[in-house]
Amino acid sequence: MTGRKNFLQPLLKDISACRICRDRPKYGPPLPHEPRPVCVAESGARILVAGQAPGTRVYETGIPFNDTSGNRLRDWMGVDRETFYDRRRIAIVPMGFCFPGQDKRGADLPPRRECREQWHDQVFAELKDLQLLLVIGLYAQDYYLGGKASRSLTETVERWREFRHADSRHIVYPLPHPSWRNNGWIKKHRWFEAELLPQLRADIKSALTGAN
Ligand code: SF4
């Protein structure tokens, strides 16, 4: 990092002040609440956790994955809370930085497209030391897998060995969301816990110790 200009901090400051989806939305109605962007990163981070968008709880607390889904994600990764929330090592960059609201049935809406268009290329460009990307859910897979994702999430995750080495600069893991809603999916696809997770934990350990 020595001698390298750090443009990430001013960028994160701009993101925290962003009100695009409230004041001049491009792809839908204005956000019905005050935006509260969540993007946790520091130059030098080696691992990127790219999820979908904050839910109501993250909107209230500003802390991503501070729930049972987060506990499961940390278990998948083989890291404790202290390591997970160390932004010098792990960046948490959802595809939409703000809670997008809910539909009539109470389900979370998709991440705002404005966010990807406005911010993601810039943030990714500043995270120059990333070694490993955890790409969680369809929206992140669409962005980070360069158009190579399958139409179904299951098929994409099933191809994890292929994606692990598809990018010469990073190890990439497509993952389902660690929510309890995916308990059935995890049970049905035994290879996920038996084969993918042990390799993921080994790769995360290497990335955190700089052994890659
Ligand atoms: S979702 Fe992204 S683009 Fe929209 S207001 Fe929040 S930070 Fe800005």
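Look above for the structure.
In short, a report on the structure. (Residues numbered from 1 in each chain as written. Predicted model: local features only at pLDDT ≥ 70, side-chain atom pairs only at ≥ 80, totals over all residues. Heavy atoms only, no water.)

A few words on the site of the ligand. Taken together, C18, I20, C21, P37, F97, C98, C115 and W119 make up the full set of residues adjacent to the ligand. Contributing elements (two or more residues each) for the shell around the ligand: α2 (20-23) and α6 (113-126). Tallied by class, residues from the shell around the ligand come to eight nonpolar, no polar and no charged. (Near = heavy atom within 4 Å. Helix = DSSP H or I, 4+ residues; strand = E, 2+ residues; numbered from the N terminus. Nonpolar A, V, L, I, M, F, W, Y, C, P; charged D, E, K, R; others polar.)

Residues that lie three or four places apart on an α-helix share one face, since the helix turns once every 3.6 residues. With 19 residues, helix α11 (residues 191-209) ought to run about 27 Å at 1.5 Å a step, and its terminal C-alpha atoms sit 27 Å apart, in line with that. Maximum bend of α11: about 35°, positioned at L197, with proline P198 one to four residues after it. Looking only at α11, the buried set comprises W191, F192, L196, L197, L200, D203, I204, A207 and L208. Just downstream of α11 lies G210, where phi reads positive at about 75°. (Expected span 1.5 Å × (residues − 1). Bend = angle between axes of the 7 residues up to and from the residue. Buried < 20%, exposed > 50% of the residue type's maximum accessible area, 1.4 Å probe, protein only.)

Membership of the largest hydrophobic core comes to 32 residues, with the highest contact counts inside it found for V49, M77, F192, L196 and L200. Elements represented by at least two residues in this core include exactly β1 (47-50), α4 (68-77), β2 (90-92), β3 (132-136), α8 (153-158), β4 (171-175), α10 (183-188) and α11. With eight residues, α11 is the largest single contributor of residues to this core. With near-sequence residues (within four places) excluded, M77 lies in contact with I47, V49, F84, I90, L134, R201 and I204. Membership of the second largest hydrophobic core comes to 28 residues, among which are L11, I20, L48 and L145. (Core = buried A, V, L, I, M, F, W, Y, C linked by side-chain atoms within 4.5 Å. Contact = heavy atoms within 4.5 Å.)

On to the packing of α4 against α11. α11 packs onto α4 with a crossing angle of 75° between their chain directions and a minimal axis gap of 7 Å. When the interaxial angle is binned, α4 and α11 end up roughly perpendicular. For the pair formed by α4 and α11, the contact residues are D75, W76 and M77 on the first element and F192, L197, L200, R201 and I204 on the second. Of the residues contributing to the contact of α4 with α11, the split by class is six nonpolar, no polar and two charged. (Axes fitted to C-alpha atoms, helices over the stretch in contact; angles between N-to-C directions. Parallel < 35°, antiparallel > 145°, perpendicular 65-115°, else oblique.)

Tracing the backbone shows T83 in helix α5 (residues 81-84). Engagement of the side chain of T83 in a polar contact is seen with the side chain of D80, the distance being 2.7 Å. Not counting residues up to four positions away in its chain, the partners in contact with T83 are R89, I90 and L208. (Polar contact = N/O pair within 3.5 Å; in protein donor to acceptor, adjacent residues only side chain to side chain.)

What follows covers the pattern of salt bridges. Once their charged atoms are close, side chains differing in charge can pair, the charge on each being opposite to the other. Under the definition given, this model contains 14 salt bridges. For R201, the salt bridge identified is with D75, shortest N-O distance 3.9 Å. Of this pair, R201 sits in helix α11 while D75 is found in helix α4, placing the two residues 126 residues apart along the sequence. Judged by its relative accessible area of 30%, R201 is partly exposed. Where E162 meets R159, a salt bridge forms, and the shortest distance between an N and an O atom there is 2.7 Å. Residue class for E162 comes out partly exposed when judged on its relative accessible area of 43%. (Salt bridge = Lys/Arg side-chain N within 4 Å of Asp/Glu carboxyl O.)

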